[in-house]
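Given next are the chains, with one letter for each unit.
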Amino acid sequence: MSDKGGRMFTLPTKATPKSSLKSSAGKDDSSAKSKKGRKVQFGTEGSPDVQFNFSSGKSDGKFATPFGKGGKGDKVSNGGKAHVAKESQALELRVESELPENVKCLMDCEAASVLEGIQDQMVVLSGDPTIKLPESFYSGLQYSKGGSSYTNPQSVRKALQSLSKHGVSNSEICMIANTCPETVEEVFALVRSLQAKKSRLSEPLKDALGELAKLKTST
Amino acid sequence: MFFEVELQRDVKVHARNLDKNGLVSQRFILACLLDELFKEKASEDHGYFLAVTSLKSIGKGDVVDESGNMVFNVVFTCRTFKPFKGEVLQGVARYIFQQGVFLRCGPIRNAYLSSLKMSNYHYVPGAKPAFLSNELSKIESGVVVCFLVLGVRWTDASRDFEMLASVDADSLGPVSLPGYDESEW
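- Chain B goes by DNA-directed RNA polymerase subunit in an unreviewed UniProt entry, where it is assigned to Hibiscus sabdariffa.
- As stated in UniProt under Function (unreviewed entry), the record for chain B gives "DNA-dependent RNA polymerase which catalyzes the transcription of DNA into RNA using the four ribonucleoside triphosphates as substrates."
- Taken from UniProt, the Subcellular location (unreviewed entry) comment for chain B reads in full: "Nucleus".

- As named in an unreviewed UniProt entry, chain A is RNA polymerase Rpb4/RPC9 core domain-containing protein, taken from Hibiscus sabdariffa.
- If you open the UniProt record of chain A and go to Subcellular location (unreviewed entry), you find "Nucleus".
- UniProt annotates chain A under Sequence similarities (unreviewed entry) with the comment "Belongs to the eukaryotic RPB4 RNA polymerase subunit family."

### Points about helix α10 (residues 198-215) of chain A
Given 3.6 residues per turn, any residue in an α-helix points the same way as the ones three and four places further on.
Residue and element names in this part refer to chain A.
Next up, step 1: Taking 1.5 Å per residue as the helical rise, α10 with its 18 residues ought to reach 26 Å, and the 24 Å between its terminal C-alpha atoms agrees with that figure.
Next up, step 2: Pro-204 marks where α10 bends most, by close to 30°.
Next up, step 3: On its buried face, α10 sits against α7 (153-161), α8 (170-179) and α9 (184-190).

### Structural notes on unusual backbone geometry
Next up, step 1: If you check the backbone angles, Leu136(B) has positive phi at about 65° while not being a glycine.
Next up, step 2: With respect to the secondary-structure elements, Leu136(B) resides in the loop between β10 (130-133) and β11 (138-140).

### Some remarks on the pairing of strand β7 (residues 100-105) of chain B
Residue and element names in this part refer to chain B.
Next up, step 1: Most of β7 sits out of view: 5 of its 6 residues are buried.
Next up, step 2: Bridge analysis of strand β6 (residues 88-96) against β7 gives 4 bridges, and the strand direction is antiparallel. For Tyr-95, the partnering residue across the bridge sits in β7 and is Phe-102.
Next up, step 3: The hairpin formed by β6 and β7 contains 3 residues between the paired strands.
Next up, step 4: In this sheet, strand β8 (residues 108-114) lies alongside β7 in antiparallel orientation, the contact comprising 5 bridges. Note that in β8 the partner of Leu-103 across the bridge is Ala-111.
Next up, step 5: Where β7 folds back on β8, the antiparallel hairpin that results is connected by 2 residues, among which Gly-106 adopts a positive phi of roughly 60°.

Analysis parameters
- All chains use their own residue numbering, which begins from 1 and follows the written sequence.
- Labels are handed out in written order, letters beginning with A for the chains and numbers beginning with 1 for the ligands.
- pLDDT decides what is reported in this predicted model: residues at 70 or higher carry local features, side-chain atom pairs at 80 or more are listed and counted, and totals for whole chains, interfaces and linings draw on all residues regardless.
- Heavy atoms throughout the structure, all of them, feed into the side-chain values; hydrogens and water do not.
- UniProt positions are given in the numbering used here, feature names are shortened, and annotations may be inferred rather than shown by experiment.
- Strands here mean DSSP runs of E at least two residues long; helices mean DSSP runs of H or I at least four residues long; both are numbered from the N terminus.
- Multiply 1.5 Å by the residue count of a helix minus one, and that product is the helix's expected span.
- We define the bend at any residue as the angle between the axes fitted to the seven residues before and including it, ending there, and the seven starting there.
- Residue contacts are defined here by distance: any two heavy atoms, one from each residue, within 4.5 Å place the two residues in contact.
- We call a residue buried when its accessible area falls under 20% of the maximum for its residue type, exposed when it is over 50%, and partly exposed in between, using a 1.4 Å probe and counting protein chains only.
- Criterion used throughout: strands pair if DSSP finds at least two bridges between them.

As structure tokens, then:
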């Protein structure tokens, strides 16, 4: 591990290995996938690549991370503001550019409504031992229900859909719904990719959040 | 983030599963498909497979080889969950260490939140270790934490995603979700 500087988290770039199952979403997945390595840098510059590595459950309390040993972190940075700006650009949501075709983003509440419908059918489905649900089904269902605090997913979609004509992408709309923001400032803090359009989005966002507030379940 | 994905798979059916008319039921093909998705669990491109939501088409069976296997091309839509860099997610703190916190987020079992990405928090050791902020908000085992995804890694061996998390921004950190039992995650 480096003592100072250079904390890189490099994402793997190798292609998906072939399996006996062909997966295709209307287009060859490997061709749709970007082959470029992606790096998130939150330390000082001039660092060698350090592979992000941790082991869960069996360690002695020591975890190999690219962050050094409890240093001051990215506060001790020679890059200063330029570095922070570069980091915030790298952390912007770019779901649409990374997704294959035939894939649609959903809000947590939309996912919850369908998954709950399947859960309701479980009484019938569980009678047949050949029917197996993916093991991620239950954890995915709990996650979607936990974060979702709206009464009606269709109304939430309708309330936020007006933002799309102001240049807000579908994935950004889903993020806004999932984070349940109360103020416009909260939206810009959580969905950083919207900050560039702050001036023209403030008013439409305010209206959309007002509509969303009426659709939240009482706590 | 959740997605609705259109996928196609080649489902193998052995000839012994054909009935006396040489036909195989749609239910049987669907059961085979679900079994294969259960084993596959997740893919790097689409994320964790949660549920098949609709069946679009089942192709004609093609005989593959002399072993008696037939292959049916099935097109279906599936609900999936895949994390993205830059996304804000919620996870439950599972293990607290001096260097950071391991979170569990939906189907993702390992999201690592380093102490370096919790700059307002300091580690409090003890029987129930925790991270405490200057504003006295606490991250301990079982607490739901709203975090920003700094990075995502796909592991082929375990067919899992792992995430790097941060709470170093406004509106991130521990949250309380009313009426929700975190232990179910």
